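Listed here are the chains, written in short residue letters.
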Amino acid sequence: MGDPMKVEVKNIDQLFQLDPYLKPHEVELRRRHGCLQEWIKKFNEDEGGLNNFSQGYKYYGLHVQADNSVICREWAPGAQELYLTGDFNNWHWIDHPFTKLPFGKWELKIPPCADGSCAIKHLSEVKVIVRKQNGELVDRLSPWAKYVKQPPKEANQGVSYKQYVWHPPPTEKYYIRNPRPKKPKSLRIYECHVGIATEELGVGSYRNFADNIVPRIAKQGYNAIQVMAIMEHAYYASFGYQVTSFFAASSRFGTPDELKYMVDAAHQHGLFVLLDVVHSHASKNVQDGLNMFDGTDSCFFHGGPRGEHSLWDSRLFNYSSYEVLRFLLSNLRWWHDEYFFDGYRFDGVTSMLYHSRGIGEGFSGDYNEYFGLNVDTEALIYLALANKILHDIDPNIITIAEDVSGMPAMCRPVDEGGIGFDYRLGMAIPDKWIEFLKELRDEDWNMGNLVHTLTNRRWKEKTVAYAESHDQALVGDKTLAFWLMDKEMYTHMSTLSEPSLVIDRGIALHKMIRLITHALGGEAYLNFMGNEFGHPEWLDFPRIGNNESYHYARRQWHLVDDPLLKYKYLNEFDKAMNHTEAAYGWLDSNPGYVSRKHEGDKIIAFERAGLLFVFNFHMNKSFTDYRIGVEVPGNYRIVLSTDSEAFGGHNLVDTTCVHKTTPEGFDGRRNYIQCYLPSRTAFVFAKDP
């Protein structure tokens, strides 16, 4: 690909100023950027730029033209012949062969009917017939299919997905009515799944989510939703992580237009909408997915062992392929352009970045791990290309990387030599909380260890902090609420039941864990649907092992809506926490300055965004007139207390009390206040104007 060493990275010196330890790896950073520039140069020469290249969805697939003719195009380099069949030609596939074009492309043009109408109607069923090199005929779904649906099992038609043409008449189309909201400075994300967002024993719909769940999320103080399992997946229990049709909105929740209705409703409530996108791998499913589309084991994937993920039992994309890059980049554009998604959370980035797929990797933090031969340059360049095109077409787009490895410059701009993400997930944080709750007694919690985990992130690379996500909610694991209270959640969560030390401890720690994660752990915060009120049960999709039951594949909203149950306390605190952040903006500020992490007292104190946060994790010690250092002098008042009665606390502290600073150095700060800190409570202090 030429000599990439000659390609300059415009702002790489800024990267070295942020992290001088990257300087010894300058040659590798420039080489990677050179590879990126070579691709961009190629797209400029061959396609008129990245913008055109990333709109492959307008070229490939089935398209009804203005004159009602139909043009179909596919990329199937390993096929001998291609045909289109369906109810429009009574399944007589031989009548509609594709013409072979250069570079593995195929094209079919179908003229309008004699009366001028389209030969293929809205919701017609179609299939692509592929003749393999050995002469065998196989039927496939188009990789660019916009709407695929599984027939009812009782219809005696098997369970394979079928492709339907989605081309409603203009009078029936849904048109987006609300503008996109502005990119939030403080990102408070509600991670959600449309199918389980219902109380009913079944699959929730886009419309149910739009009408009933979106208002809840907005009221709760979140400003973004991260929607899982939208890209079509044949196996519901895969949680959307075994994608079969990348351009099709999952039909089990409704139609494409109903998804648009849902996104529009979120925008109406001021919510940024992020799509959980899976470009790290694809389902091995042949009948319903991309696998062996052209009759070979390559096409979209690497052939042989490199094309298979041994743990996930899935296929791995060939990121060095011109048409695979077009497919994936166009896929991102499709969801942005067609459905008005505002950004993406990229799944499985660690698996993409390393030839080992991250399997068995400890990632010690040694920089040689990030710049050695184990790094998959092709995948890394794809991610940089994706971030570049997305941020070029829409500067308001947000991208988040699910990476556990800590790859440097992941969240720095591409023109600095970075990969271009806006945020990375702070995946060590929930692991630390599970370790504390599962393996340690309360008195053995190490405050320094906790603070290190919450603050251990790269300078000027934003992190999404979370105490638990969907991973902890799945059957086989436990949510924080379950770890804390499962022994008595079914017997003592009523406000009328006798007091319970287990429940009191659980409610107190649940609030403290979320607040310290929110305030100290990153530049964005994420909560999984239901965890805001301590949803009592795990998540388990219908499968053979549970007799296809939907009992655990739903959210029990009545629990939080019932005024006689204590779930309301956790929910009210979550709302207050988000609204307090919205008022003071600690997520959109530099990381907190930790002045105290006292092991004996179990006290943590830090300042961020002009606020003072104080946590007493001690299981039975309360402190009066406890000194807390603070830099800026003035009068401080409590603006958020976990011990408030509204949050299930005991109102042991007078929140109207004024705490005047004493101009004397303490804990490395110029001043201090003295306050009452009951055990297992946390407080946020703000200085009077």
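Report follows, based on the coordinates. (Residues numbered from 1 in each chain as written. Predicted model: local features only at pLDDT ≥ 70, side-chain atom pairs only at ≥ 80, totals over all residues. Heavy atoms only, no water.)

## Let's talk about the overall build of the protein chain
Phase 1: In terms of regular secondary structure, the protein chain is built from 15 helices and 30 strands.
Phase 2: Computed over the C-alpha atoms, the radius of gyration of the protein chain is 27 Å, within 12% of the 26 Å expected from 2.2 N^0.38 for a compact globule of 689 residues.
Phase 3: Counting only C-alpha atoms and orienting by the principal axes, one finds that the protein chain spans roughly 85 × 65 × 45 Å.
Phase 4: When the 689 residues of the protein chain are sorted by exposure, 61% land in the buried category.
Phase 5: The long-range fraction of contacts in the protein chain, counting pairs at least 24 apart against all pairs at least 6 apart in sequence, stands at 72%.
Phase 6: Accessible surface, the protein chain as shown: approximately 26,700 Å² in total, 50% of it carbon and sulfur.
Phase 7: If the 74 positive side-chain charges of the protein chain are averaged to one point and the 89 negative ones to another, these points end up 3 Å apart. (Helix = DSSP H or I, 4+ residues; strand = E, 2+ residues; numbered from the N terminus. Rg over C-alpha atoms; globule rule 2.2 N^0.38 Å. Buried < 20%, exposed > 50% of the residue type's maximum accessible area, 1.4 Å probe, protein only. Contact = heavy atoms within 4.5 Å. Areas by Shrake-Rupley, 256 points an atom, 1.4 Å probe, with all protein chains shown as cover. Lys, Arg positive; Asp, Glu negative; His and termini not counted. Charge placed at Lys NZ, Arg CZ, Asp CG, Glu CD.)

## Let's talk about the pairing of strand 13 (residues 245-249)
Phase 1: Counting buried residues along strand 13, 5 of its 5 residues qualify, which places the element largely inside the surrounding structure.
Phase 2: Alignment of strand 12 (residues 231-232) against strand 13, held across 2 bridges, turns out to be antiparallel. Bridging across to strand 13, M231 finds its partner in A249. (Pairing = 2+ DSSP bridges.)

## Concerning the packing of aromatic side chains
Phase 1: Under the defined criterion, the tally for this structure stands at 53 aromatic pairs.
Phase 2: Look at F301 and F317: their rings are 5.2 Å apart centre to centre, the planes differ by 40°, and that puts the pair in the tilted class. In this pair, F301 is assigned in the loop between strand 15 (282-283) and strand 16 (308-309) and F317 in the loop between strand 17 (314-315) and helix 6 (322-339), connecting sequence segments 16 residues apart.
Phase 3: You can call F301 buried: its relative accessible area is 1%.
Phase 4: For F317, a relative accessible area of 1% puts it in the buried group.
Phase 5: For the ring pair F606 and F615, a centre distance of 6.0 Å and an interplane angle of 15° mean the geometry is stacked.
Phase 6: Here the guanidinium or amino end of K478 rests over the ring plane of W483, the centre of that ring lying 4.5 Å away. (Phe/Tyr/Trp six-rings, centres within 6.5 Å; stacked < 30°, edge-to-face > 60°. Lys NZ or Arg CZ within 6 Å of the ring centre and 35° of its normal.)

## Some points on the sheet that holds strand 4 (residues 99-100)
Phase 1: The 4 strands are arranged 1-2-5-4 in an open sheet whose pairing can be described as antiparallel. Looking along the sheet, the strands with just one partner apiece sit at the ends: strand 1 (61-64) and strand 4.
Phase 2: Of the pairings in the sheet, the one linking strand 1 to strand 2 (residues 70-75) comprises 4 bridges and is antiparallel in character. Bridge pairing in strand 2 places G61 opposite R73.

## Side note on the pattern of salt bridges
Phase 1: Summed over all chains, the structure comprises 50 salt bridges.
Phase 2: For K42, the salt bridge goes to D46, with nearest N and O atoms at 3.5 Å. Here K42 pairs with D46, and both are found in helix 2 (residues 26-47), just 4 residues apart, close to one helical turn.
Phase 3: Classification of K42 by relative accessible area gives partly exposed; the value is 37%.
Phase 4: The class of D46 is partly exposed, set by a relative accessible area of 44%.
Phase 5: Between R441 and D444 there is a salt bridge, and its shortest N-O distance comes to 2.9 Å. (Salt bridge = Lys/Arg side-chain N within 4 Å of Asp/Glu carboxyl O.)

## Some words on helix 8 (residues 377-393)
Phase 1: Taking 1.5 Å per residue, 17 residues should reach 24 Å; helix 8 reaches 24 Å between its end C-alpha atoms and fits that length.
Phase 2: Within helix 8, 13 of the 17 residues are buried, leaving the element largely enclosed by the surrounding structure. (Expected span 1.5 Å × (residues − 1).)

## Some details on the environment of I217
Phase 1: Inspection of the secondary structure puts I217 in helix 4 (residues 206-219).
Phase 2: We classify I217 as buried; its relative accessible area is 1%.
Phase 3: Along the backbone, I217 and H269 are 52 residues apart, and their C-alpha atoms lie at a distance of 9.1 Å.
Phase 4: If we skip the residues at most four places from it in the chain, I217 touches Y190, F209, Y222, I225 and L271.

## Considering the packing of helix 9 (residues 428-439) against helix 10 (residues 447-455)
Phase 1: At a minimum axis distance of 9 Å, the contact between helix 9 and helix 10 shows a crossing angle of 160°. Compared by their axis directions, helix 9 and helix 10 come out roughly antiparallel. Helix 9 and helix 10 meet at a crossing whose hand is left-handed. From helix 9, A428, I429, K432, W433 and F436 reach across to helix 10, where they touch N449, L450, T453 and L454.
Phase 2: Classifying every residue of the contact of helix 9 with helix 10 gives 6 nonpolar, 2 polar and 1 charged. (Axes fitted to C-alpha atoms, helices over the stretch in contact; angles between N-to-C directions. Parallel < 35°, antiparallel > 145°, perpendicular 65-115°, else oblique. Left-handed = near helix turned anticlockwise from the far one by under 90°. Nonpolar A, V, L, I, M, F, W, Y, C, P; charged D, E, K, R; others polar.)

## Some remarks on the nonpolar core
Phase 1: Counting 179 residues, the largest nonpolar core has F209, W335, F346, Y382, W433 and F617 as the members making the most contacts within it.
Phase 2: Among all residues touching W433, those that are not within four sequence positions of it are W445, L450, A467, L480, I513, I516, T517 and F617. (Core = buried A, V, L, I, M, F, W, Y, C linked by side-chain atoms within 4.5 Å.)

## With respect to helix 2
Phase 1: Over its 22 residues, helix 2 runs 31 Å from end to end, which matches the ideal 32 Å to within 8%, given 1.5 Å per residue.
Phase 2: Backbone geometry just after helix 2 places G48 at a positive phi near 80°.

## A word on the packing of helix 9 against helix 13 (residues 501-520)
Phase 1: The interhelical angle for the contact between helix 9 and helix 13, taken along N-to-C directions, is 155°, at an axis separation of 12 Å. Here helix 9 is positioned roughly antiparallel relative to helix 13, judged by the angle of their axes. Of the two possible hands of crossing, helix 9 and helix 13 adopt the one that is right-handed. Contacts between helix 9 and helix 13 involve I429, W433 and L437 from the former and R505, I513, I516 and T517 from the latter.
Phase 2: Grouping the amino acids of the contact of helix 9 with helix 13 by side-chain chemistry returns 5 nonpolar, 1 polar and 1 charged.

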